[in-house]
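Below, each chain spelled out in residue letters.
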Amino acid sequence: METRTFKVSYSPHIHNGSSTSKLMWNVTLALLPAAVISVYAFGLNSVRVLFLSTFFAIFFEALALLMRNRNWKQCFDGSAALTGFLLGLTLPPGVSNGIIILGSFVAIIVAKQVFGGLGSNPFNPALTGRVFLLIAFPVPMTTWPLPRGIEQAKQFMGLATTKVTDAVTAATPLAAIKEHAEKALPNISTSDLFFGLHTPGSIGEISAIALLVGGIYLLVRKIITWHIPVSAILTVFVIAMITHFINPAKYPHPFFHLFAGGLIIGAFFMATDYVTAPIWPMGKIIFGIGVGLLTIIIRLWGGYPEGISFAILIMNATTPLLDKYTVPSPFGSKTMRRPS
Amino acid sequence: MRAFKEFSKGFWRENPSLVLLLGMCPTLAVTTSAFNGLGMGLATTAVLIGSNIIISLIAGFIPKKVRIPAYIVVIATLVTLVDMFMAAYSPDLHSALGLFIPLIVVNCIILGRAEAFASRNNVIYSFLDGIGMGIGFAVTLFIVGSVREVLGNGTLTVFQYKETIIQYVIYHKEAVSPALVFILAPGAFITLGFLLALKNYIDNLLKAK
Amino acid sequence: MKNVIHMILTLSIISALAAAALAIGNRATKDAIAAQAKLKAARAVLKIYPNCKKPEEKQIKTPSGETITAYICPGNRVGFTFSSKSAKGIPRPYSGLIKMMIGIDKSGTVNGVQIIEQSETPGLGAKIAEPSFVNQFVGITLEKGNLKVKKDDPSGMIDGISGATISSRAVTSMVKKALEFYKTSLISQIGPPKKLSSEKKEIIKVPGKIKKDIRNIIKQNKRKRKQRYPVPDSAKDQMIKEGVR
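Residues numbered from 1 in each chain as written. Chains lettered and ligands numbered in written order. Predicted model: local features only at pLDDT ≥ 70, side-chain atom pairs only at ≥ 80, totals over all residues. Heavy atoms only, no water.

(A) Structural view of the overall build of chain B. Regarding its fold elements, chain B presents eight helices and two strands. Counting helices and strands in the order they occur from the N terminus, chain B gives α-α-α-α-α-α-α-β-β-α. Its C-alpha radius of gyration of 18 Å places chain B within 12% of the 17 Å reference for a compact globule of 209 residues. Long-range pairs, those at least 24 residues apart, make up 74% of the contacts in chain B with a sequence separation of at least 6. (Helix = DSSP H or I, 4+ residues; strand = E, 2+ residues; numbered from the N terminus. Rg over C-alpha atoms; globule rule 2.2 N^0.38 Å. Contact = heavy atoms within 4.5 Å.)

Shown next as structure tokens:
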């Protein structure tokens, strides 16, 4: 008589073959168009930043895993690489090597491993690293070299440019608006913001089209759902439209807010982080609206020109609460009634 | 030796900021330079010693129901005195610590020691407890302040009174730009977190031995 | 009932003792605290006019209506405190209030600016108190040159602090308003130049200890500072600045 072994396990029983690793590499792949554009715009400088941030993120991940007596080979699961890559994309192309390495340290060690590693961090590691650097080194973190092709400009977007050692720097479109909306607004073309070849900014945020291509890829592959990006972008759009309608000279039109700064990279790639965003659809929509609201409030009336990083981090803090209160009721269930 | 034990427990074993996690507000808020931390620590120590002595003396006479208001009156008086003398004779430190001097009144270390220790022990032990706890607190604040000042400003201010100032330049701001975040509030939390981790790490090493 | 009386009595006695202690403490420190406030302004005047040991004090009114003290030094040079709220039209500083001591001579030229109070971001906006920034204002008049931050106006004379345009702009505007205030109202308020008699007595009684401090500052301004410990050259400027502040 033959013996058979049956495995007894809980559902689900069908696996689609995806893994953390595959997801992470897919997101990295989706970010590649933006990285390629940045290499075109800023040259080898952007390769340097992206390489260093990614390399040291993996390095610190391995170090932390060793210190915690875990299998250090987990550092190649793609999550650390993605964190490092995202961090690099949020930095200005001119930052020094030391700042990049410190950013990777804060992102991986302080924001992720201290809380227990992958899946346990309450705040998005890449953005924590970026915000730490922004507060720690405000001058280098807001020095934006001009992209290739407009290096000789004495004036850019109606504002004076400054020469810092070897590169000419100018304000980002959002910073220009903050400083002198009336002077800068007529000089900024939306198509430049959309294609991103002629505007200063963080490495990954300059080209809206490249990011949209990557974001749509993620949506098609069902790696992310539409709830967070759409609700965040729509919120920004609506409020920008209202303020633009009230005073067009001071408040830029909604498409400007859409394509300038880090709204698209933030809404598609950072706010959707599995670990730090809510799970349920309703929670995701509230989360997205919160991100959009905080972003546009900081942009229009806050002390910083760009607010997406702060917005996502603040909303990360609400994720546990949203997860608790937005659990959908299972299909067909009814609310319990006391028998009368 | 009980006297020595009461004196030394505040240094490490029952360190008010690192083990009891009391007095977090001044620990985080005023430690922007090593000397500010030390000044705050010493001001708190002065109040703590005074309140421990007075409260251990009068605890027997105070009805239980009104002990907390009575302690608070004693502590508030001592704090106000420290505040006035500091404003008169060390105005730089006074303006640097600012609002946090009056806030010593609600510092949990002082009321906590009054309630948990001074009201149940005699004057000598209470005095030793006050000194030990105060020094433990002052040293911790000094360390937090040193780390923050070195990382955030590149200097280490050890002493500052009137025209005398002893300040070491650890590195030059032009060569290495300091991480401003450490002078600001988030840096205080990060520094304290790493110090707590270090303290527990050392404790574990000692236990393993 | 007995308990209640006991409680009331204990608390009353403790409060009375506390009040007595505070009264004694207040009497002991009152003069010194008043003198310290005076000393702070006197120090700032001395840094702008090292020879102005005994300025004549006069109460004046700023455009926004607050009463301040003007320190009139020999040669009819005036030092007075001016804050970011002393006149209308000064852009708001990044955080809180900026207060400065400004010295202006009778031709309307700025002789010096000292920041007395500020709560700008340390390491960024707080650099407005450093000599490299405030010394830019020395020698400036309303007529000569464009008193503006370069970032706002390429022909401006003032180099802003990078990363702290708002703070630089506020101080620049304060200096401009102070100059305008000097011209339009301060000159008439302080009246014609007086001959200062050297016998003039101090108005506030200053305890001996603090009097000695003022004398020390005067001496230090004349003599070179004595070094107490070795420090690198570049740190000296900052040390001296922080030490005297």
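(B) Region of interest: the overall build of chain A. Scanning chain A for helices and strands turns up 15 helices and five strands. Its C-alpha atoms give chain A a radius of gyration of 22 Å, near enough to 20 Å, the size a compact globule of 340 residues would have. Overall size of chain A, expressed as C-alpha extent along the three principal axes, is 90 × 55 × 30 Å. Going through the 340 residues of chain A one by one, you find that 52% of them count as buried. Contacts spanning at least 24 positions in sequence make up 73% of the contacts within chain A whose residues lie at least 6 apart. (Buried < 20%, exposed > 50% of the residue type's maximum accessible area, 1.4 Å probe, protein only.)

(C) Local environment of the nonpolar core. Residues and elements named next belong to chain A. In this structure, Leu31, Phe269, Phe287 and Val291 are the most contacted members of the largest nonpolar core, which totals 90 residues. Among the elements that make up this core, the one with the highest residue count is helix α2 (residues 44-67) (10 residues). Apart from residues lying up to four places away in sequence, Val291 is in contact with Ala232, Ile308, Ala311, Ile312 and Met315. (Core = buried A, V, L, I, M, F, W, Y, C linked by side-chain atoms within 4.5 Å.)

(D) Examining the state of the cysteines more closely. Residues and elements named next belong to chain B. In this structure the tally under the stated criterion is zero disulfides over all chains. Cys25 forms no disulfide, and the closest cysteine sulfur to it belongs to Cys108, at a distance of 9.2 Å. By relative accessible area, which is 42% here, Cys25 ends up partly exposed. (Disulfide = S-S within 2.5 Å.)

(E) Structural context of the packing of aromatic side chains. Counted according to the given criterion, the structure contains 20 aromatic pairs over all chains. Consider the rings of Phe133 of chain C and Phe137 of chain C, whose centres lie 5.7 Å apart with planes at 85 degrees: the pair is edge-to-face. Summarising the burial analysis for this pair, Phe133 of chain C and Phe137 of chain C share the class buried. An aromatic cluster is built from Phe51, Phe55, Phe56, Phe59, Phe60 and Phe105 of chain A, whose rings are joined through pairwise contacts. Its end group placed over the ring of Tyr125 of chain B, Arg2 of chain B keeps NZ or CZ at 4.1 Å from the ring centre. (Phe/Tyr/Trp six-rings, centres within 6.5 Å; stacked < 30°, edge-to-face > 60°. Lys NZ or Arg CZ within 6 Å of the ring centre and 35° of its normal.)

(F) Region of interest: the pairing of strand β2 (residues 67-73) of chain C. Residues and elements named next belong to chain C. Within β2, six of the seven residues are buried, which leaves the element mostly enclosed by the surrounding structure. Of the pairings in the sheet, the one linking strand β1 (residues 56-61) to β2 comprises six bridges and is antiparallel in character. The residue of β2 that forms the bridge with Glu56 is Ile72. Hairpin connection of β1 to β2: five residues between the antiparallel strands, including Gly65 at a positive phi of 95 degrees. Hairpin connection from β2 to strand β3 (residues 77-83): three residues lie between these consecutive antiparallel strands, with Gly75 at a positive phi of about 85 degrees. (Pairing = 2+ DSSP bridges.)

(G) The confidence of the model for chain B, seen in detail. In this model, chain B carries a mean pLDDT of 86, and residues with pLDDT of at least 70 account for 99%. For this predicted complex, the interface confidence reaches an ipTM of 0.81, while the overall pTM sits at 0.78. (pLDDT = per-residue confidence, 0-100.)

(H) Highlighting the sheet that holds β2 of chain C. Residue and element names in this part refer to chain C. The five strands lie next to each other as β1-β2-β3-β4-β5, forming an open sheet whose pairing is antiparallel. Two strands bound the open sheet, and with one partner strand each, they are β1 and β5 (110-117). The average angle at which neighbouring strand axes cross in this sheet is 25 degrees, direction not considered. Looking at chain direction, β2 and β3 are connected through four bridges and run antiparallel. Of the residues in β3, the one forming a bridge with Cys73 is Arg77. (Axes fitted to C-alpha atoms, helices over the stretch in contact; angles between N-to-C directions.)

(I) Expanded view of the packing of helix α3 (residues 34-58) of chain B against helix α7 (residues 123-153) of chain B. Residues and elements named next belong to chain B. Packing of α3 against α7 brings their axes to within 8 Å, and their N-to-C directions diverge by 165 degrees. Considered as vectors, α3 and α7 are oriented roughly antiparallel to each other. Between α3 and α7 the crossing geometry is right-handed. Split into classes, the residues belonging to the contact of α3 with α7 amount to 17 nonpolar, 11 polar and two charged. (Parallel < 35°, antiparallel > 145°, perpendicular 65-115°, else oblique. Left-handed = near helix turned anticlockwise from the far one by under 90°. Nonpolar A, V, L, I, M, F, W, Y, C, P; charged D, E, K, R; others polar.)

(J) Just the pattern of salt bridges, in detail. All names here are of chain B. Enumeration over the complete set of coordinates arrives at 10 salt bridges over all chains. Of the charged contacts in the structure, one is a salt bridge between Lys9 and Glu6, with a shortest N-O distance of 2.6 Å. Residue classification places Lys9 among the buried positions, given a relative accessible area of 5%. Exposure remark for Glu6: the relative accessible area of 10% places this residue in the buried category. The partner of Lys9 in a salt bridge is Asp129, with the nearest N and O atoms 2.7 Å apart. Taken together, the residues Lys9 in the loop between α1 (2-8) and α2 (24-29) and Asp129 in helix α7 connect sequence positions 120 residues apart. When salt bridges that share partners are traced, they join Arg2, Glu6, Lys9, Arg113 and Asp129 into one network. (Salt bridge = Lys/Arg side-chain N within 4 Å of Asp/Glu carboxyl O.)

(K) The arrangement of the environment of Leu21 of chain B in detail. With respect to the helices and strands, the residue Leu21 of chain B is situated in the loop between α1 and α2. Once residues within four sequence positions are removed from consideration, Leu21 of chain B is found in contact with Pro16 and Leu196 of chain B.

(L) Spotlight on the pairing of β3 of chain C. All names here are of chain C. The buried fraction of β3 amounts to six of the seven residues, a majority that puts the element mostly inside the structure. Note that β3 and strand β4 (residues 99-104) share six bridges and pair antiparallel. The partner of Val78 across the bridge, within β4, is Ile104.

(M) Expanded view of the domain arrangement of chain A. Residue and element names in this part refer to chain A. Taken domain by domain, chain A consists of domain 1 (20-142), domain 2 (145-200) and domain 3 (224-323). Contacts between the two partners involve eight residues from domain 1, matched on the other side by seven residues from domain 2. Around 570 Å² of area is buried between domain 1 and domain 2 when both sides are counted, 68% of it from carbon and sulfur atoms. The largest per-residue losses of area from domain 1 upon contact with domain 2 belong to Tyr40, Ala41 and Phe42, which jointly make up 65% of the total buried on that side. For the interface between domain 1 and domain 2, the tally reads zero salt bridges. (Domains from an automatic or database assignment. Buried area = accessible area lost by both parts, 1.4 Å probe.)

(N) Expanded view of unusual backbone geometry. All names here are of chain A. Unusually for a residue other than glycine, Asn69 sits at a positive phi of about 55 degrees. Along the chain, Asn69 falls in the loop between α2 and α3 (79-89). Taking the relative accessible area as the measure of exposure, Asn69 reaches 71% and is therefore exposed. Although it is not a glycine, Lys222 adopts a positive phi angle of roughly 60 degrees. Tracing the sequence through the fold places Lys222 in the loop between α9 (208-220) and α10 (227-246).

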